[in-house]
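Below are the chains, spelled out letter by letter.
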Amino acid sequence: MNLYELSKDFRAVEAQLDQAQDEGAEGASALLLTLQSFLERDVEDCAGQVVRWIRNEEATAEAIDEEIKRLQAKKRARENRAEALRIYLRDFMKSIGKPKIDATIAKVSILSGRPSLVVDNKQIDSWPKEQFQAALAAGALAIVESYTVAKNLLKTLPDYQKLPGVTEVIGEDSITIR
């Protein structure tokens, strides 16, 4: 019997008990009180079962959450290991002087680091206003705390070397696997 059926039966017994008390039927009233106590025990048992079910669902959700955390940590470890292997392969290829390798399952090549520009924010104020406006309009500047990463400044302002506080930085070489 489920809680819905029990609550329906419980209300019916309560209505009959009220009617029996109004009519003064002592025997029927005792029988209905006994029936009501049985229903109350059934309700308590059913509620206990629902509470067990709730706790089981909560415990299962918590276990799933822990499993997700474990799997995310395992994923991060695998990604870190793959990155370390890429660096190892890149360094090996550089040490033997071979920029391309045709392996049986893939072609591996070293990709030279890409140039990027770093701009000292304190010195941006000394830039000519039209050059600064052109760089902003082109979306070439992304301001990050005390420095600015100049993404497309090479294309936007060909004479960027003359601007104060601009430093060209070459990124690390990487490898491509095809």
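Remember, predicted model here, so these are calculated numbers, not experimental data.

**Quick look at the overall build of the protein chain**
In terms of regular secondary structure, the protein chain is built from 5 helices and 7 strands. When the helices and strands of the protein chain are read in sequence order from the N terminus, they spell out α-α-β-β-β-α-α-β-β-α-β-β. A burial count over the protein chain gives 19% of its 178 residues as buried.

**So, the pattern of salt bridges**
Close approach of charged atoms allows side chains of opposite charge to pair. Counted according to the given criterion, the structure contains 7 salt bridges. Here lysine 69 and aspartate 65 are joined by a salt bridge, their closest N and O atoms 3.7 Å apart. Linking lysine 69 with aspartate 65, this pair stays in helix α2 (residues 26-96), spanning 4 residues, or about one helical turn. Aspartate 65 gets classed as partly exposed once you look at its relative accessible area, which sits at 36%.

**What about the sheet that holds strand β2 (residues 107-111)?**
On the basis of which strands lie adjacent, the open sheet formed by 3 strands has the order β1-β2-β7 and antiparallel pairing. Two strands close off the open sheet at either side, each with one partner strand: β1 (100-102) and β7 (174-177). With direction set aside, neighbouring strand axes in the sheet form an average angle of 15°. The pairing of β2 with β7 spans 4 bridges and is classified as antiparallel. Pairing of isoleucine 110 across the sheet is with isoleucine 175, part of β7.

**Details of the side chain of serine 109**
Along the chain, the position of serine 109 falls in strand β2. Non-local contacts of serine 109, meaning those with residues more than four positions away in its chain, are made with Met93, Pro99, Lys100, Ser174, Ile175 and Thr176.

**Some points on the environment of alanine 103**
Within the secondary structure, alanine 103 is located in the loop between β1 and β2. Spatially, the C-alpha atoms of alanine 103 and isoleucine 177 are 10.0 Å apart, while their sequence positions differ by 74 residues.

**Some points on the side chain of threonine 176**
In this fold, threonine 176 is placed in strand β7. Side-chain polar atoms of threonine 176 contact the side chain of serine 109, separated by 2.8 Å. Here threonine 176 is in contact with Lys107, Val108, Ser109 and Leu111, once residues within four sequence places are set aside.

**What about the environment of lysine 122?**
On the secondary structure map, lysine 122 appears in helix α3 (residues 121-124). The spacing of lysine 122 and glycine 165 is 43 residues in sequence and 7.9 Å in space, taken between C-alpha atoms.

Here is what the cut-offs are and how they apply
- Residues numbered from 1 in each chain as written.
- Predicted model: local features only at pLDDT ≥ 70, side-chain atom pairs only at ≥ 80, totals over all residues.
- Heavy atoms only, no water.
- Helix = DSSP H or I, 4+ residues; strand = E, 2+ residues; numbered from the N terminus.
- Buried < 20%, exposed > 50% of the residue type's maximum accessible area, 1.4 Å probe, protein only.
- Salt bridge = Lys/Arg side-chain N within 4 Å of Asp/Glu carboxyl O.
- Pairing = 2+ DSSP bridges.
- Axes fitted to C-alpha atoms, helices over the stretch in contact; angles between N-to-C directions.
- Contact = heavy atoms within 4.5 Å.
- Polar contact = N/O pair within 3.5 Å; in protein donor to acceptor, adjacent residues only side chain to side chain.

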